[in-house]
Amino acid sequence: MAMELDHAFTVPVPPDQAWDVLLDVKRIAPCMPGATVDEVDGDLVTGHIKVKVGPVSLTYRGTANFSERDPDARTIVVTASGKETRGAGTASATVQASLEPSGDDATKVTMHTTMNVTGRPAQFGRGVMVEVGGKLVEQFAQNLAQQLGRDSGADTGGAGQSGGQADTGNGAAGSSPTDSADSADSAGSGGSAGSAGSGTATGNGAHGTGTAQASGTTASSAPAPAPPAADHINMIRLVAPALLKRVVPVAAVAAGIALLSRRFWRRMHKGAGA
Amino acid sequence: MIPAKFDYVRPSSLPEAVQALAGGGDDAKVIAGGQSLLPLLRLRLAYPELLVDIGGLGELAGVRDAGDSLVIGARTTHYSLIRDPLIREHCGLIAATAATVADPAVRHRGTIGGSLAHGDPAGDLPAVILALDATLVATGPGGEREIGAADFFVDYLTTSLSPGEILTSVRVPKLGPGWGFRYEKFQPTAQAWAIVGVAALARRDNGHVAEARIGLTNMGTVPVRARAAEAAAAGAPASREALAAAARQADEGSSPPADLRAAADYRRHLARVLTGRALARAAGV
């Protein structure tokens, strides 16, 4: 089951600076919520990521690879894939991020994510996937926006171009505010990279998906690969049809037998009466 | 499938339960009827280390008259909700909705508290509680706390209950005279989850709808109120046409999910149509 997500946000630093940050695995990785890095080897990051939504929790272990870097187009592509640690499911994602100048000293970052999840979590239909995957990517985008804004804020002395949004709750005082709100404009469009099932990904608005997370939770300095996506939950919703599928035939057969036996009984009865 | 290993305790009093839960930290979960949690465990999508079964806490079951409101114990099953005379008299919407929840087996085991604390926006009771402006009461290590229904549902499967808190009861204001109600549920098959559900309350006065309250099921990551439609319905003549017109704004401000069952646009359409029907029935036309 695949899904696509689009995010865009603007950071108050010139593209050159933002580009440097984008290339730095150690700074990008922690932006993935729930991620922990086990090993960094060049462009290859090994780690695990824990996805938790309410009572549901899934852990994936895998790698993220900076598979493409194009300094001219200012585009990077990160591919990540992972396997569930307690199950047979897999998750993979490709994130393409590009930078372009936006006015003076600001950069527009656009992110396009393609995600694919298999195994138990994928059985539950797209709704769950979208909830979880969308949330993960959205948080990643928000954290990335903050990270880019913060790093450059130090250099530029936080040149006062606040995009608005007093982001509370995330330690870095004095970080230049970034316009994370924009990240909500995910325009899910159907059609997913050649894999089965396609559909629309609804961007769930900028509901308070916790920003506080990323930087804080990942103790190890370079967290995070990105196999996102687990989808969670709601099994029940999903289970019900499966159960029904089993129950209905049995019920139908039972009903058939009942009907037949009634007819039979009636006939016998009539015969007797006649 | 068989759930992963977990510890299990069944306390016999609320303070003991709170203590047990506190001892389990983030990996402890409360279990009541188990109709939402057990499937998660069996599918191995949740791995709590400790389950605190509140099935032994008799004080959490049942409905009590508290003057201008009813206090419904969190452990009250859907089956009891459907038949409780107090609920039928003062908050009939709850009984009517509980009767649509899943199947009889689930209704006999599942509880109102469990349904609310699970926080599934596709569950039926959350939208109803929201439309009724109920207050949820939780007990934790710090004592008792009241949470308005509008503040209770935070995100998909996420409520404002902190890990150590147990939802103990729901206080629902009694509906006065003149109020009608209706829960419209659209489901692909009997017993399935609602693709969209609409809980509507309308107070009729002199041939008009004086006031309306509408809660939507499965139209976002949390149950939502259809405020625009509520405002449009207030003061409208109690006729199908007028209420259907008001219902055209029912999906405003919602962000319905798209999944294998339905596209987001289809859910919006359903919300408008079902709201029109629910309002009409609630207003008695």
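Analysis parameters
Residues numbered from 1 in each chain as written. Chains lettered and ligands numbered in written order. Predicted model: local features only at pLDDT ≥ 70, side-chain atom pairs only at ≥ 80, totals over all residues. Helix = DSSP H or I, 4+ residues; strand = E, 2+ residues; numbered from the N terminus. Rg over C-alpha atoms; globule rule 2.2 N^0.38 Å. Contact = placed C-beta atoms within 7 Å. Buried ≥ 20, exposed ≤ 12 C-beta atoms within 10 Å, placed from the backbone. Pairing = 2+ DSSP bridges. Domains from an automatic or database assignment. pLDDT = per-residue confidence, 0-100. Axes fitted to C-alpha atoms, helices over the stretch in contact; angles between N-to-C directions. Parallel < 35°, antiparallel > 145°, perpendicular 65-115°, else oblique. Left-handed = near helix turned anticlockwise from the far one by under 90°. Nonpolar A, V, L, I, M, F, W, Y, C, P; charged D, E, K, R; others polar. Core = buried A, V, L, I, M, F, W, Y, C linked by C-beta atoms within 7 Å.

### Side note on the overall build of chain B
Here is step 1 of the chain: Counting its secondary structure elements, chain B contains twelve helices and 14 strands.
Here is step 2 of the chain: Taking 2.2 N^0.38 as the reference for a compact globule, 285 residues should give roughly 19 Å; the C-alpha atoms of chain B span a radius of gyration of 19 Å, in line with that estimate.
Here is step 3 of the chain: With the principal axes as the frame, chain B shows a C-alpha extent of 55 × 45 × 30 Å.
Here is step 4 of the chain: Across chain B, contacts joining residues at least 24 apart in sequence account for 65% of those joining residues at least 6 apart.

### Considerations on the overall build of chain A
Here is step 1 of the chain: The helix and strand tally for chain A stands at six helices and seven strands.
Here is step 2 of the chain: When the helices and strands of chain A are placed in sequence order, the string is β-α-α-β-β-β-β-β-β-α-α-α-α.
Here is step 3 of the chain: Counting only residues that meet the buried cut, chain A has 45% of its 274 residues in that class.
Here is step 4 of the chain: The long-range fraction of contacts in chain A, counting pairs at least 24 apart against all pairs at least 6 apart in sequence, stands at 70%.

### Focus: the pairing of strand E6 (residues 90-101) of chain A
All names here are of chain A.
Here is step 1 of the chain: With nine bridges connecting them, strand E5 (residues 75-84) and E6 associate as antiparallel partners. Looking across to E6, one finds that isoleucine 76 is bridged to alanine 97.
Here is step 2 of the chain: What sits between the antiparallel neighbours E5 and E6 is a turn of five residues.
Here is step 3 of the chain: Where E6 lies against strand E7 (residues 107-117), eleven bridges are found, and the strand directions are antiparallel. Each bridged residue has a counterpart across the sheet, and for serine 92 the counterpart in E7 is asparagine 116.
Here is step 4 of the chain: Taking the residues that link successive antiparallel strands as the turn, the E6-E7 hairpin has five residues, and the phi of glycine 103 there is positive, at about 70°.

### Quick word on the domain arrangement of chain B
When the parts come together, some accessible area is lost, and that loss is often what is quoted as the size of the interface.
All names here are of chain B.
Here is step 1 of the chain: Structurally, chain B comprises domain 1 (7-52), domain 2 (64-172) and domain 3 (181-282).
Here is step 2 of the chain: Taking only C-alpha atoms, the centre of domain 2 and the centre of domain 3 are 20 Å apart.
Here is step 3 of the chain: Taken together, the contacts link 19 residues of domain 2 with 20 residues of domain 3.
Here is step 4 of the chain: Residue assignment for the side of domain 2 that touches domain 3 shows that the elements contributing at least two residues are helix H5 (92-98), helix H8 (124-131) and strand E8 (153-155).
Here is step 5 of the chain: Among the elements that make up the side of domain 2 that touches domain 3, the one with the highest residue count is H8 (six residues).

### Focus: the confidence of the model for chain A
Residues and elements named next belong to chain A.
Here is step 1 of the chain: Summary statistics for chain A give a mean pLDDT of 66 and a share of 57% for residues scoring 70 or more.
Here is step 2 of the chain: No element of chain A has a lower mean pLDDT than helix H5 (residues 213-217), at 32, and none a higher one than E5, at 91.
Here is step 3 of the chain: Note that residues 154-235 has pLDDT below 50 and, in this model, 252 contacts with residues that lie over four places away or in other chains.

### Brief notes about the packing of helix H11 (residues 240-247) of chain B against helix H12 (residues 264-282) of chain B
Residues and elements named next belong to chain B.
Here is step 1 of the chain: The N-to-C vectors of H11 and H12 enclose an angle of 140°; their axes lie 8 Å apart at closest approach. By the angle between their directions, the pair H11 and H12 is classed as oblique. Helix-helix and strand crossings are classified by hand; for H11 and H12 the assignment is right-handed. Each of Arg240, Leu243, Ala244, Ala246 and Ala247 in H11 lies in contact with H12, whose residues at this interface are Arg272, Thr275, Gly276, Leu279 and Ala280.
Here is step 2 of the chain: Of the residues in the contact of H11 with H12, the class split is six nonpolar, two polar and two charged.

### Some points on H8 of chain B
Since the α-helix packs 3.6 residues into each turn, any two residues three or four apart lie on the same face.
All names here are of chain B.
Here is step 1 of the chain: Taken across its eight residues, H8 has eight buried, putting it largely inside the fold.
Here is step 2 of the chain: Of the residues making up H8, those classed as buried are Asp124, Leu125, Pro126, Ala127, Val128, Ile129, Leu130 and Ala131.
Here is step 3 of the chain: Just past H8, the residue aspartate 133 takes up positive phi, approximately 55°.

### A short note on the sheet that holds strand E14 (residues 224-225) of chain B
Residue and element names in this part refer to chain B.
Here is step 1 of the chain: The four strands are arranged E11-E12-E13-E14 in an open sheet whose pairing can be described as antiparallel. The sheet is open, and its two edges are formed by strand E11 (179-186) and E14, each paired on a single side.
Here is step 2 of the chain: Note: strand E13 (residues 208-217) against E14, two bridges, orientation antiparallel. Across the sheet, the residue bridging to glycine 215 is arginine 225, located in E14.
Here is step 3 of the chain: Against the sheet, H8 engages E11, strand E12 (196-205), E13 and E14, with an angle of about 145° to E13.
Here is step 4 of the chain: Relative to E12, H12 is tilted by about 35°, and along the sheet it contacts E11, E12 and E13.

### Here we look at the environment of leucine 201 of chain B
Residues and elements named next belong to chain B.
Here is step 1 of the chain: When you line up the elements, leucine 201 lands in strand E12.
Here is step 2 of the chain: C-alpha separation for the pair leucine 201 and proline 177, spaced 24 residues apart in sequence, amounts to 12 Å.
Here is step 3 of the chain: Filtering out sequence-adjacent residues up to four positions away, leucine 201 remains in contact with Leu93, Ala131, Trp179, Phe181, Ala212, Arg213 and Ala282.

### Examining the nonpolar core
Here is step 1 of the chain: Within the largest apolar cluster, 139 residues are counted, with the highest numbers of intra-cluster contacts made by Val128, Ala200, Ile214 and Leu279 of chain B.
Here is step 2 of the chain: When residues of this core are assigned to their parent elements, the largest contribution, eight residues, is made by helix H4 (residues 126-156) of chain A.
Here is step 3 of the chain: In contact with alanine 200 of chain B, other than residues within four places in its own chain, are Phe181, Arg182, Ala212, Ile214, Thr275, Ala278, Leu279 and Ala282 of chain B.

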